[in-house]
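Survey of secondary and tertiary structure
Spelled out, the chains give:
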Amino acid sequence: MNTRSAAEYHAKAARVLAVLPVLLAGLLTGCADQNPDPWAKCDWMSKLPDDPDFDAGAARTGHTAIVVDVTSSVRGSKAGSGGVDHSGPAAQYVEKWLSGTGTMSVAAFGGTDDIRWVAENWATGPSEKDNEENRRRRAGMVSECVAHQLAEAQAAAPRSGGTDVLDAVREAAVTLAEHRGPRRLVVLTDGLATTGCADLRRSAFEDLEIDAIAQRCRDDQELTSGTLALVDTVFVDLGRTARDQPQAAAAQTDWLGKLWNRLCQAAHPKPARPEDCVVTALPAAEPLGGKSVTRPDDPVPAFPGRTYTRAGANAFFSPESSVLLDDALREITEIAVELRNLDGARVRVFGYVDPRGGSANNHSLSQARADAVKSKLAELGVQNVTATGKGVADGCPKAETQLSTEQKLRCDRRVDILVDQVGRGR
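Here's what I pulled together on the structure shown here. (Residues numbered from 1 in each chain as written. Predicted model: local features only at pLDDT ≥ 70, side-chain atom pairs only at ≥ 80, totals over all residues. Heavy atoms only, no water.)

Thoughts on the pairing of strand β5 (residues 231-236)
- Burial runs high along β5: 6 of the 6 residues are buried.
- Both faces of β5 are covered, namely the face carrying V231, T233 and F235 and the face carrying D232, V234 and V236.
- Pairing of strand β4 (residues 183-188) with β5, which is carried by 6 bridges, proceeds in the parallel orientation. What sits directly across from V186, in β5, is V234.
- The β-α-β motif built from β4, the intervening helix α9 (residues 208-219) and the parallel element β5 has right-handed crossover chirality.
- Both β5 and strand β6 (residues 277-280) contribute to a ladder of 4 bridges, which runs parallel. Across the sheet, residue F235 finds its bridge partner in β6, namely V279.
- Taking the sense of rotation as the criterion, the β-α-β connection linking β5, helix α10 (residues 250-266) and β6 turns out right-handed. (Buried < 20%, exposed > 50% of the residue type's maximum accessible area, 1.4 Å probe, protein only. Helix = DSSP H or I, 4+ residues; strand = E, 2+ residues; numbered from the N terminus. Pairing = 2+ DSSP bridges. Right-handed = clockwise from strand over helix to strand, strands pointing away.)

Following this line, the structure appears as structure tokens:
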């Protein structure tokens, strides 16, 4: 190569080297633009058997299935209705739910035959084939990646109306039966089934119903003692509904816990193990946001209101008086402490009199009694209270025996406090 040719060669090489960083930067930027999904970092969890990185050993060591209720009572009936967001609070429990299992699946469910898996057979930890740095990095991603899949599931719209919790449990049990090793089912739901053997639309939320519902589910073969055999089952957030839906009182949430624990036990072989059925709750999170999606009609069970009746020896007032007795103040304070913890509760106070007064005085006295109770409740921090004077009482509520004249007069001279749990967004 002559001197001139060598010089030209070196000049060209210099130009190429100068341009090369720009080209590389453009290529790298182009690649980033082509894969803008920040959750691509979770792809390693979804390796299938035909992937070279698939860990067959992990796939054989147990499975966790997480199913998420996406019906209107949990998700809300419209955008901004304050649906329950499980994804964030659940992240701190993922390690516990996945412990001892090599793979996991996540699904959304609605009515009967309506369960969709958004993640199937995902690895719950990095492969032994990974180098040490990748194993450490990926192990720290698991909770975040599972929370993302829960968020994806929550965004799904049901295909059919109604809420069929037991159907979702049965479908998840079929998936779990395909795996060896420990099996765990996590059900994120308010428990308000509106179809099937556990339909609660007409429930009075009384303890006597629980065994009757369990018996019906067995009779209808919607559950058997083998449905959840060898499956550790966790029901999460029973009774927690969207803000625009009816709200459960503490007693009703407890009742739902008893019901689903009973149904869960009936789906396991006897004797039941402590880990067979667990009822728990997540810490409250910010309400679920997101875009509005079309949701089929879902008739939400109406929680029955509670009535506090004070009459007879526990009457709030002396005859012909609207001044609260000392004992009445103590009782109203106890009631107020309970009521002011009920978000969205509507409180109605009804005052009554016995028939011995004049008709003109009956209404004014009953109204004065209702107003006195309302004022005290409001003073103690209870909101949304109305007061109505009903005049002469019409019968004694829940009187199981024939009342004497004096007993009836005492019952007529009463105050009823009715509490309805309505949506907080209404």
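Quick look at the sheet that holds strand β7 (residues 306-310)
- If you walk across this open sheet you meet the 4 strands as β7-β10-β8-β9, and the pairing is mixed. The two strands at the open ends of the sheet, each matched to only one other strand, are β7 and β9 (385-392). The sheet shows a mean angle of 20° between the axes of neighbouring strands, direction not considered.
- Sheet topology note: the strand β8 (residues 345-353)/β9 ladder contains 6 bridges and is parallel. Residue pairing for β9: V349 is matched across the bridge by A387. (Axes fitted to C-alpha atoms, helices over the stretch in contact; angles between N-to-C directions.)

Description of the packing of aromatic side chains
- Under the defined criterion, the tally for this structure stands at 5 aromatic pairs.
- Arranged with centres 4.9 Å apart and planes meeting at 65°, the rings of F205 and W255 form a pair that is edge-to-face. Residue F205 is found in the loop between β4 and α9, and its partner W255 is found in helix α10; the two are separated by 50 residues along the sequence. Taken individually, F205 and W255 each receive the classification buried, so the pair is uniform in this respect.
- For the pair F205 and F303, a centre-to-centre distance of 5.2 Å together with 45° between the ring planes defines the contact as tilted. Taken together, the positions of F205 in the loop between β4 and α9 and F303 in the loop between β6 and β7 put the pair 98 residues apart, joining distant regions of the chain. Just as F205 is buried, F303 falls in that class too.
- Every member of this aromatic cluster is reached through a ring pair, and the members are F205, W255 and F303.
- Residue placement shows K41 over the ring face of W39; its charged tip is 5.2 Å from the ring centre.
- The ring of Y352 carries R414 above its face, with NZ or CZ at 4.3 Å from the centroid. (Phe/Tyr/Trp six-rings, centres within 6.5 Å; stacked < 30°, edge-to-face > 60°. Lys NZ or Arg CZ within 6 Å of the ring centre and 35° of its normal.)

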